[in-house]
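Geometric and topological summary
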Amino acid sequence: MKRLIVLSMRKVVWPGMATLIFRGLAFLPLPALQVLGLCVGWLAWQLPGSYKRRAEENFSRAFPAASLSMRRSAMYSVGKLFLEMPYWWVRRNNDQLNRNVNCNDWQLFDEALHSGKGVILLSPHAGCFELLGPIYSSRHQSTVLFRPPRMAWLQPWIVKMRSRSQLTMAPANQSGVRALVKTLLKGHTIGILPDQVPTLGEGVWAPFFSRPAYTMTLVQRLQNLTGAAIFILGAERKKIGRGYELHIHPMPGPLSSDAISAATEINSEMERMIRRMPTQYLWGYNRYKKPSP
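So, a few notes on the structure that sits alongside this text.

Rules of the game
Residues numbered from 1 in each chain as written. Predicted model: local features only at pLDDT ≥ 70, side-chain atom pairs only at ≥ 80, totals over all residues. Heavy atoms only, no water. Helix = DSSP H or I, 4+ residues; strand = E, 2+ residues; numbered from the N terminus. Buried < 20%, exposed > 50% of the residue type's maximum accessible area, 1.4 Å probe, protein only. Core = buried A, V, L, I, M, F, W, Y, C linked by side-chain atoms within 4.5 Å. Contact = heavy atoms within 4.5 Å. Expected span 1.5 Å × (residues − 1). Arc of directions from axis to C-beta. Pairing = 2+ DSSP bridges. Axes fitted to C-alpha atoms, helices over the stretch in contact; angles between N-to-C directions. Disulfide = S-S within 2.5 Å. Phe/Tyr/Trp six-rings, centres within 6.5 Å; stacked < 30°, edge-to-face > 60°. Lys NZ or Arg CZ within 6 Å of the ring centre and 35° of its normal.

Overview of unusual backbone geometry
Note: most residues except glycine have negative phi, and most peptide bonds are trans. Although it is not a glycine, Phe209 adopts a positive phi angle of roughly 55°. Looking at the element boundaries, Phe209 is found in the loop between β6 (203–208) and β7 (211–216). Under the relative-accessibility criterion, Phe209 is labelled buried at 4%. In this structure, Ser210 takes a positive phi of about 70° despite not being glycine. Along the polypeptide, Ser210 turns up in the loop between β6 and β7. Look at Ser210 and you get exposed, because its relative accessible area is 74%.

This is the structure:
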């Protein structure tokens, strides 16, 4: 009986509560959410914790000249990111969402998709990367790879909240990779955050801000298979209430046929985008950890 109650809570109660919280927050204007996020980030900066220690260490090693103010601002950005999530996950008015994002280079994607080989979008965990799926899918069909959460009940909830008419979520497993391949073979777009640490055997060690980081080889394999064009994206957050600037960097050419060289090229492009907004990267993520089996 107790087990049935726990299972019921996981399948019904917890997702319902999470949805209620997200929808309640999404009702607020975006500037209000950013102010709340700033407060959450300020609190995280004041309190000790492993995330804060790792963030300061990674930021300082990548940018030795980073000031105390910059490191503090990076923690504020984390709070803003998490409070912005409901706005981008829940709201479905594409015109309203697009008014918050400034971009004049959409024709780059139109031209690349015209080839019929598909497009691969890569973004570091910088700025408001959560807006990239909703904004891009308001124009083009796309499939985005996501890492399944440790709590099993969260996965169907995340898929339901983030999916849209032209946006499909694919878990980072074999079925998800097959979905990415099918999407590219149809000439559509896929999205990947390549600065996540893949499982053992799915990556190679390559430099990232002059330190070895285990980096996925999936992007190289997908491009070799389909010939898809690769773009690096970054949604830089402006001042509160000023929206975002979408930065687009086309990869200069096909990735190297050597896995380590290709991973190094991708990490270099990730660094280039992060340097545009160093205080908006998730420095607390354990990017340099050893991969798990």
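Concerning the nonpolar core
Nonpolar side chains tend to gather and get buried jointly when the protein is soluble and globular. Ile120, Leu122, Ile192, Val219, Leu222 and Trp283 are the most contacted members of the largest nonpolar core, which totals 40 residues. The leading source of residues in this core is helix α11 (residues 259–276), at five residues. Once residues within four sequence positions are removed from consideration, Val219 is found in contact with Ile120, Leu122, Ile192, Ile230, Leu255 and Ile266. In terms of nonpolar packing, the next biggest core, distinct from the first, is built from 30 residues, Val78, Leu97, Cys103 and Leu121 among them.

Describing helix α2 (residues 30–46)
Taking 1.5 Å of rise per residue, 17 residues should cover 24 Å, and α2 covers 24 Å from first to last C-alpha, within 8% of that figure. By the burial criterion, the buried members of α2 are Leu30, Leu33, Gln34, Gly37, Gly41 and Trp45. The arc that holds every buried residue of α2, seen down its axis, measures 120°, which confines them to one face.

Side note on the sheet that holds strand β1 (residues 101–102)
The seven strands are arranged β1-β9-β8-β2-β5-β3-β4 in an open sheet whose pairing can be described as mixed. Looking at the sheet topology across the chains shown, the edges are occupied by β1 and β4 (167–171). Note: strand β3 (residues 142–146) against strand β5 (residues 189–192), three bridges, orientation parallel. The residue of β5 that forms the bridge with Val144 is Gly191. Its contacts with the sheet put helix α4 (residues 68–90) on β1, β8 (229–237) and β9 (244–250), and the angle it makes with β8 is roughly 105°.

Notes on the state of the cysteines
A complete count under the given rule lists zero disulfides for this structure. Not part of a disulfide, Cys103 finds its nearest cysteine sulfur in Cys128, a span of 15 Å. Residue classification places Cys103 among the buried residues on the basis of a relative accessible area of 12%.

Examining the packing of aromatic side chains
One pass over the structure, following the stated rule, counts 20 aromatic pairs. Geometrically, the ring pair formed by Phe109 and Phe231 is edge-to-face, given 5.0 Å between the ring centres and 70° between the ring planes. Of this pair, Phe109 sits in helix α6 (residues 107–113) while Phe231 sits in strand β8, and the two are 122 residues apart along the sequence. Phe231 shares its class with Phe109; the two are buried. What links up through ring pairs into an aromatic cluster is the set Phe59, Phe63, Phe208, Phe209, Tyr281, Trp283 and Tyr288. Geometry around Trp106 places Arg139 over its ring, the cationic atom sitting 3.9 Å from the centre. Sitting over the ring of Phe208, Arg287 keeps its end group 5.4 Å from the ring centre.

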